[in-house]
Amino acid sequence: MLIQGLLAVSLVLAGSPAATTQAKIDCAKVKCLALTFDDGPGTRTPALLDLFKKERVKATFFLVGKQVERHPSIARRAAAEGHAIGNHTYSHPSLPTRFDEDILNELQVTQEIIQAATGQAPKMFRPPFGHTDDRVLELANQAELAQVLWTGTTLDWSLRDAKKIKASVLRLAKRNGVLLMHDTVPQTVKAMPGIVNELKKRGYHLVTVPTLLRGKGLESGVSYP
Ligand code: NI
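What counts, and where the lines are drawn
- Residues numbered from 1 in each chain as written.
- Predicted model: local features only at pLDDT ≥ 70, side-chain atom pairs only at ≥ 80, totals over all residues.
- Heavy atoms only, no water.
- Buried < 20%, exposed > 50% of the residue type's maximum accessible area, 1.4 Å probe, protein only.
- Helix = DSSP H or I, 4+ residues; strand = E, 2+ residues; numbered from the N terminus.
- Arc of directions from axis to C-beta.
- Contact = heavy atoms within 4.5 Å.
- Polar contact = N/O pair within 3.5 Å; in protein donor to acceptor, adjacent residues only side chain to side chain.
- Salt bridge = Lys/Arg side-chain N within 4 Å of Asp/Glu carboxyl O.
- Donors = N, O, S within 2.8 Å, 3.2 Å for Na, K, Ca; no water.
- Core = buried A, V, L, I, M, F, W, Y, C linked by side-chain atoms within 4.5 Å.
- Axes fitted to C-alpha atoms, helices over the stretch in contact; angles between N-to-C directions.
- Parallel < 35°, antiparallel > 145°, perpendicular 65-115°, else oblique.
- Left-handed = near helix turned anticlockwise from the far one by under 90°.
- Nonpolar A, V, L, I, M, F, W, Y, C, P; charged D, E, K, R; others polar.

S.K.: Would you take a moment to explain helix H7 (residues 134-142) for this structure?
M.R.: Val136, Leu137, Leu139 and Ala140 are the residues of H7 that are buried. Down the axis, H7 shows its buried residues gathered within 165 degrees of arc, on one side only. Each element contacted by the buried residues of H7 is listed here: helix H6 (100-118), strand S4 (124-125), strand S5 (146-148) and strand S9 (223-224). With a side-chain oxygen lying 3.2 Å from the backbone nitrogen of arginine 135, the N-terminal cap of H7 falls on aspartate 133. Just past H7, the residue glutamate 144 takes up positive phi, approximately 60 degrees.

S.K.: How should I be thinking about the pattern of salt bridges in this particular structure?
M.R.: One pass over the full model with this rule turns up 10 salt bridges. Lysine 54 is the partner of glutamate 55 in a salt bridge, and the nearest nitrogen-oxygen pair spans 4.0 Å. Taking the relative accessible area as the measure of exposure, glutamate 55 reaches 24% and is therefore partly exposed. The exposure class of lysine 54 is exposed, given its relative accessible area of 66%. Close ionic contact of lysine 200 with glutamate 55 constitutes a salt bridge, the shortest N to O distance being 3.0 Å. Of the two residues, lysine 200 sits in helix H10 (residues 186-201) while glutamate 55 sits in helix H3 (residues 45-55), which places them 145 residues apart along the sequence. Salt bridges linked by common partners bring Asp50, Lys53, Arg77 and Glu81 together as one network.

S.K.: Please explain the side chain of glutamine 147 as it appears in this structure.
M.R.: In this structure, glutamine 147 sits in strand S5. Side chain to side chain, glutamine 147 and threonine 132 meet in a polar contact 2.7 Å long. Looking at glutamine 147, its side chain comes within polar contact range of the side chain of serine 223, at 2.8 Å. Not counting the four nearest positions on each side in its chain, glutamine 147 is found in contact with Phe125, Pro127, Thr132, Val136, Leu137, Val222, Ser223 and Tyr224.

S.K.: Explain the coordination of the nickel ion to me, please; I cannot follow it from the model alone.
M.R.: Octahedral six-donor coordination of a metal ideally yields angles of 90 or 180 degrees, compared with 109.5 degrees for tetrahedral four-donor coordination. The protein atoms donating to the nickel ion are Asp39 (OD), His88 (NE2) and His92 (NE2), with metal-donor distances spanning 2.0 to 2.1 Å. Here the donor residues of the nickel ion are spaced in sequence according to D-x48-H-x3-H. Placement of aspartate 39 in the loop between strand S1 (32-38) and H3 and of histidine 92 in the loop between strand S3 (84-87) and H6 is noted, with a sequence separation of 53 residues between them. Accessibility expressed as a relative area gives 22% for histidine 92, which makes it partly exposed.

S.K.: Looking at this structure, I do not really get the nonpolar core. What am I missing?
M.R.: A general tendency of soluble globular proteins is for nonpolar side chains to be buried together. Leu35, Phe37, Phe52, Phe61, Met192 and Leu199 are the most contacted members of the largest nonpolar core, which has 36 residues in total. Of all the secondary structure elements, the ones that give two or more residues to this core are S1, H3, strand S2 (60-63), helix H5 (72-80), H6, helix H9 (162-172), strand S7 (177-182) and H10. Sort the elements by how many residues they give to this core and H10 lands first, with six residues. Excluding residues that lie within four positions of it along the chain, methionine 192 makes contacts with Leu35, Phe37, Leu48, Leu51, Phe52 and Met181. If you look at the next biggest cluster of nonpolar residues, it comprises 14 residues, including Val207, Val209, Leu212 and Leu213.

S.K.: Where do I start with the packing of H6 against H7 in this structure?
M.R.: Each pair of packed helices gets described by two things: the angle between the helix axes and the distance between those axes. Contact geometry for H6 and H7: axes closest at 10 Å, N-to-C directions at 50 degrees. In terms of orientation, H6 and H7 fall into the oblique class. Seen along the crossing, H6 lies across H7 with a hand that is right-handed. Across from Asp100, Ile103, Leu104 and Leu107 in H6, the residues of H7 making contact are Arg135, Val136, Leu139, Ala140 and Gln142. In terms of residue class, the contact of H6 with H7 is made up of six nonpolar, one polar and two charged.

S.K.: Would you take a moment to explain the packing of H9 against H10 for this structure?
M.R.: Between H9 and H10, the least distance of the axes is 8 Å, while the angle of their chain directions is 40 degrees. Viewed along their axes, H9 and H10 adopt a mutual orientation that is oblique. When the axes of H9 and H10 are compared, the crossing they make is right-handed. Where H9 approaches H10, its residues Ala162, Ile165, Lys166, Val169 and Leu170 are matched on the opposing element by Gln187, Thr188, Lys190, Ala191, Gly194, Ile195, Glu198 and Leu199. A breakdown of the residues in the contact of H9 with H10 according to their chemical character gives seven nonpolar, three polar and three charged.

Scope: geometric values only; no functional claims are made or implied.
See the structure below:
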């Protein structure tokens, strides 16, 4: 029953105006790139959302359950404005070091917290630190989650310099790429207006991960991209 309820909610949201704006973008025909942000929501996330709204950009946020408990209204706003929401566990552990039940708990508790905040349970998760293995993937399948990794990591958390982060994004940008950043890194938020501007100049359509994968779907227990 719970699962059916969740599916019904996500189908309703998939038909919302914010979501349909992106449905018109066909990444088979145009040059697409997905910007993804992990570890939020945080106090700097609203500045990113303001920028994305102004620039008509959609992004993907992999949220930490503990952070959603602190900032539920920011998570709600991101989902309502048409950004894709993923699960990034409750407490951000390295999953392969944990027992099965702990891993499932990290994922399922976060599903519930995000569902409560946004009205929508995620269909995808990203393992903290990118640490994963076949066991984690199978447990994610039990939680009805697809795994989403990346094609390029900007290392923004280590660079901590807006100019260097911008250069890193532009170096890693490629058609159908998925770039990993953090909305918890202030310099990333600071660099974003310049990044969006330059990527648009280079002809990129900035889309969510589900938009990028459209046609291939987003199957639980499967790792993307
Ligand atoms: Ni993380």
